[in-house]
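Here is how the chains run, residue by residue.
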Amino acid sequence: MLLDQYRIRDEPYYRALNDEIRLFTAAYASRMPVMLKGPTGCGKTRFIEYMAWRLGRPLITVACHEDMTAADLVGRWLLDAEGTVWNDGPLTTAVRHGAICYLDEIVEARQDTTVVIHPLTDDRRVLPLEKRAELIHAHSDFQLVISYNPGYQSAIKDLKESTKQRFAALDFGYPEHRVEVDVVSREAGIDPRIADLLVKVGSHSRNLKGQGLDEGASTRMLVNAGRLIGCGIDLKEACETTIVVPLTDDLDTRNTLRDVILACA
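A brief look at the structure comes next. By convention here, each chain's residues receive numbers from 1 onward along its written sequence. pLDDT decides what is reported in this predicted model: residues at 70 or higher carry local features, side-chain atom pairs at 80 or more are listed and counted, and totals for whole chains, interfaces and linings draw on all residues regardless. With hydrogens and water stripped out, all remaining heavy atoms of the structure feed into the side-chain values.

### Quick look at the pairing of strand S4 (residues 83-88)
The criterion for strand pairing is that DSSP finds at least two bridges linking the strands in question. What counts as a helix is a DSSP run of H or I of at least four residues, what counts as a strand is a run of E of at least two, and both are numbered from the N terminus. Pairing between strand S3 (residues 75-80) and S4: six bridges, direction antiparallel. Within S4, the residue paired with Trp-77 across the bridge is Trp-86. Taking the residues between adjacent antiparallel strands as the criterion, S3 and S4 are bridged by two residues.

### Digging into the packing of helix H10 (residues 235-247) against helix H11 (residues 251-264)
Think of each axis as a best-fit line through the C-alpha atoms, taken over the contacting stretch in the case of a helix, with angles from 0 to 180 degrees between the N-to-C directions. Across the interface, H10 lies against H11 with an axial gap of 10 Å and an inter-helix angle of 150°. If you check the angle between H10 and H11, you find them roughly antiparallel. Read as a crossing pair, H10 and H11 show a hand that is right-handed. The residues of H11 that touch H10, namely those facing Leu-235, Lys-236, Cys-239, Glu-240, Val-244, Val-245 and Leu-247, are Arg-254, Leu-257, Arg-258, Ile-261 and Leu-262. In this classification, the charged set is Asp, Glu, Lys and Arg, the nonpolar set is Ala, Val, Leu, Ile, Met, Phe, Trp, Tyr, Cys and Pro, and all remaining amino acids, among them Gly, are polar. When the residues that make up the contact of H10 with H11 are grouped by side-chain class, the tally is eight nonpolar, no polar and four charged. Angles are sorted into four bins: roughly parallel if under 35 degrees, roughly antiparallel if over 145, roughly perpendicular if 65 to 115, and oblique for all others. Throughout, a crossing is termed right-handed when the near helix is turned clockwise from the far one, and left-handed when it is turned anticlockwise from it by less than a right angle. Between two residues, a contact is recorded if the distance between any of their heavy atoms is within 4.5 Å.

### Topic: the packing of aromatic side chains
In this analysis, rings of Phe, Tyr and Trp, with Trp reduced to its six-membered ring, are considered paired at centre separations within 6.5 Å, and the interplanar angle assigns stacked below 30 degrees, edge-to-face beyond 60, and tilted for intermediate values. Overall, the coordinates contain six aromatic pairs when judged by the stated rule. For the ring pair Phe-24 and Phe-47, a centre distance of 5.6 Å and an interplane angle of 90° mean the geometry is edge-to-face. With Phe-24 in helix H1 (residues 20-29) and Phe-47 in helix H2 (residues 44-55), the pair connects residues that are 23 residues apart, well separated along the chain. Taken individually, Phe-24 and Phe-47 each receive the classification buried, so the pair is uniform in this respect. Aromatic rings pair up to connect Tyr-14, Phe-24, Phe-47, Tyr-50, Trp-53 and Phe-172 into one cluster. Criterion for a charge above a ring: Lys NZ or Arg CZ within 6 Å of the ring centre, and within 35 degrees of the ring normal. Directly above the ring of Tyr-28 sits Arg-31, whose terminal nitrogen or CZ lies 4.0 Å from the centroid. Positioned above the aromatic ring of Tyr-174, the side-chain terminus of Arg-206 is 3.9 Å from the ring centre. Residue exposure (1.4 Å probe, protein chains only): buried if accessible area is under 20% of the type maximum, exposed if over 50%, otherwise partly exposed.

### Considerations on the sheet that holds strand S5 (residues 100-104)
The strands that make up a sheet pair up through hydrogen bonds in the backbone, lying either parallel or antiparallel. Here five strands make up an open sheet; going across it, the order is S2-S5-S8-S1-S9 and the pairing parallel. Strand pairing shows two members of the sheet lacking a second neighbour, strand S2 (59-63) and strand S9 (168-171), which therefore form its edges. On average, each strand axis in the sheet is tilted by 20° relative to the strand beside it, whichever way the strands run. In terms of strand pairing, strand S1 (residues 34-37) meets S9 through four bridges, oriented parallel. Each residue of the ladder has a partner; that of Met-35, found in S9, is Ala-169. Against the sheet, H2 contacts S1, S2, S5, strand S8 (143-148) and S9, and its axis sits at roughly 175° relative to S5. With respect to the sheet, helix H4 (residues 90-97) is in contact with S2, S5 and S8, its orientation differing from that of S2 by roughly 160°.

### As for the pattern of salt bridges
If charged atoms from side chains of opposite charge come close, those side chains can pair. In the sections that follow, a salt bridge refers to a side-chain nitrogen of Lys or Arg positioned within 4 Å of a carboxyl oxygen of Asp or Glu. Using the criterion set out here, one finds 20 salt bridges in the structure. With a closest N to O distance of 3.2 Å, Arg-15 and Asp-182 form a salt bridge. Note that Arg-15 is positioned in the segment before H1 and Asp-182 in helix H7 (residues 177-188), a separation of 167 residues in sequence. Relative accessible area serves as the criterion here: at 27%, Arg-15 is assigned to the partly exposed category. With a relative accessible area of 31%, Asp-182 lands in the partly exposed category. Across the pair Glu-240 and Arg-258 runs a salt bridge whose closest N-O atoms are separated by 2.8 Å. On the criterion of sequence distance, the pair formed by Glu-240 in helix H10 and Arg-258 in helix H11 is long-range, its members being 18 residues apart. Residue classification places Glu-240 among the partly exposed residues on the basis of a relative accessible area of 22%. Among the residues examined, Arg-258 registers a relative accessible area of 28% and is labelled partly exposed. Beyond isolated ion pairs, a larger network of salt bridges with shared partners links Asp-88, Arg-96, Arg-132 and Glu-134.

### Here we look at H4
Where H4 is concerned, the buried positions are Leu-91, Thr-92, Thr-93, Ala-94 and Val-95. One or two positions beyond H4, positive phi appears at Gly-98, with a value near 85°.

Right under this line is the structure:
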């Protein structure tokens, strides 16, 4: 079937932080659109993958970007050997066939592109295809989920109030220390004692937010460091490669991060 490629066969590893599983399950039961808010690499995407698996629904993910047009979401006419043929976009596929459509980092898309989702996020649950002169009523299993990082909000990159107010919202953050150690240890396949050191590095780096860093090390970064350590790279070099260099180009801030790593190692 068309949606088989979007089904998640194996259970993704996810550690609940609060009541997000229960709340999302209730939102899906009423097909309420949901917004996931939180910093980069804190588990928003893993959460929606886990929920799609748990609910037994296909998941179609769209990585939003500034060049994305409405046609990239809903579809376009294309030429092939037989002439002009309509091709559904990922959003239209989800609407027609009943998948969860996940628009990742939606603020990266232009606002004139994201307004196409508005008719899907109220009682109408319809998707107008103007180029095809078609009005699609959403499949009963369809749900729309979006995510974004509030830390990057600006006058240019932010959701319109008319968009925000159409969604239920779940806040995400980095796990508390013990849980994050478990996550890093499991995901990277490393000893919990090494994971504990990495989480300490991450916690200290997050304290530098606004003092040379836009954001500290994410859980994803800590897992990447752990994977390098699992391949035989020492902790300092692994942190340099996956945390220090990716986070900043400022030499003073890099040296501060190196001091943090030395203190934790």
